[in-house]
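Here are the chains, one letter per residue:
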Amino acid sequence: MDAAGNYLKKHTEALVKDVGLEAACALTGKSKATLGRYYSTSEEHADRFMPVDAVAQLESAASYPHVTSALAELKGVALSYDAARNEGARAGSGGVNTDVVALSQRFAMLMAEYSGAIEDGIITINEAKRLLRETLELQHVLISMKLHLEHEVT
C-alpha cells in the first residue's frame, strides 16, 4: 500500500475512534468487522476504504473531520476548521485581546510539550499525538483571531 493509502487508513481509524466503535456502527449501519477493514493496513484489506457517505455520517458526529482533513492535506489544500462556528457560536465573544492571551497560553503549552518530548532526543508516538493536539488547539485560536480581525475591518 502506498503512503497516501496508509495515511487515509490512519485517519479513518482516528475518525472511528473519535465517534466510538459502537456509535460508528449505529451511524453507518456497518459492522465492527467492516469498519475495521476500512482502516486495516493488512495486505488483504489494502484496497478497502470507507465510502464517502459513511465518512460524512461519522464526521458529522465526530469532534474533528479527520478524513476530510487528511484528504485535503494529501492534495496540499489547507482547511480551516472552526468547531465553534459549527456549533452556532459567533466570533464576537472575547475579541482580539482575548485571542492574543489565548494564543500566548497555547503556544506556551505547545513549547512545554515539545520541550518534554525532545528531552531524550526521541519524539514517541504518544508525544507526537500530544504535540499534534496542541498544534490543532493553537490553530483554532489563530482562526478565532482571524475572524475577530476580519470583523474589526468590516
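In short, a report on the structure. Because the structure is predicted, anything quoted here is derived from the model rather than measured. (Residues numbered from 1 in each chain as written. Predicted model: local features only at pLDDT ≥ 70, side-chain atom pairs only at ≥ 80, totals over all residues. Heavy atoms only, no water.)

**Looking at the packing of aromatic side chains**
To describe a pair of aromatic rings, one takes the distance between the centres and the angle between the planes.
Inference 1: In the structure shown here, the tally under the stated rule is zero aromatic pairs.
Inference 2: A cation over a ring is seen here: Lys-9 above Phe-49, with NZ or CZ 4.8 Å from the ring centre. (Phe/Tyr/Trp six-rings, centres within 6.5 Å; stacked < 30°, edge-to-face > 60°. Lys NZ or Arg CZ within 6 Å of the ring centre and 35° of its normal.)

**What to know about the packing of helix H7 (residues 95–118) against helix H8 (residues 125–153)**
Inference 1: Relative orientation of the contacting elements H7 and H8 amounts to 165 degrees, with a least axis distance of 9 Å. As far as their axial angle goes, H8 and H7 are roughly antiparallel. Our pair here, H7 against H8, has a crossing hand that is left-handed. (Axes fitted to C-alpha atoms, helices over the stretch in contact; angles between N-to-C directions. Helix = DSSP H or I, 4+ residues; strand = E, 2+ residues; numbered from the N terminus. Parallel < 35°, antiparallel > 145°, perpendicular 65-115°, else oblique. Left-handed = near helix turned anticlockwise from the far one by under 90°.)

**Some points on the packing of helix H1 (residues 3–19) against helix H4 (residues 52–61)**
Inference 1: Orientation of H1 relative to H4, taken along the N-to-C sense of each, is 45 degrees, at an axis distance of 9 Å. Looking at the two axes, H1 sits oblique to H4. The handedness of the crossing between H1 and H4 is left-handed. Residues Leu-15, Val-16 and Val-19 of H1 form the contact with H4, whose participating residues are Val-55, Leu-58, Glu-59 and Ala-61.
Inference 2: Of the residues contributing to the contact of H1 with H4, the split by class is six nonpolar, no polar and one charged. (Contact = heavy atoms within 4.5 Å. Nonpolar A, V, L, I, M, F, W, Y, C, P; charged D, E, K, R; others polar.)

**A short note on H4**
Inference 1: Within H4, burial applies to Ala-54, Val-55, Leu-58 and Glu-59. End-on view of H4: buried residues confined to an arc of 130 degrees, all on one side of the axis.
Inference 2: The secondary structure elements touched by the buried residues of H4 are H1, helix H2 (21–28) and helix H5 (66–75). (Buried < 20%, exposed > 50% of the residue type's maximum accessible area, 1.4 Å probe, protein only. Arc of directions from axis to C-beta.)

**Focus on the pattern of salt bridges**
Inference 1: All chains considered together, the criterion is met by six salt bridges.
Inference 2: The shortest N-O distance in the salt bridge between Lys-32 and Glu-22 comes to 2.5 Å. Of this pair, Lys-32 sits in helix H3 (residues 32–39) while Glu-22 sits in helix H2; the two residues are 10 residues apart in sequence, bridging distant segments of the chain.
Inference 3: Residue Glu-22 is classed as exposed on the basis of its relative accessible area, which comes to 54%.
Inference 4: A single network of salt bridges, built from pairs that share partners, joins Arg-106, Glu-134 and Glu-137. (Salt bridge = Lys/Arg side-chain N within 4 Å of Asp/Glu carboxyl O.)

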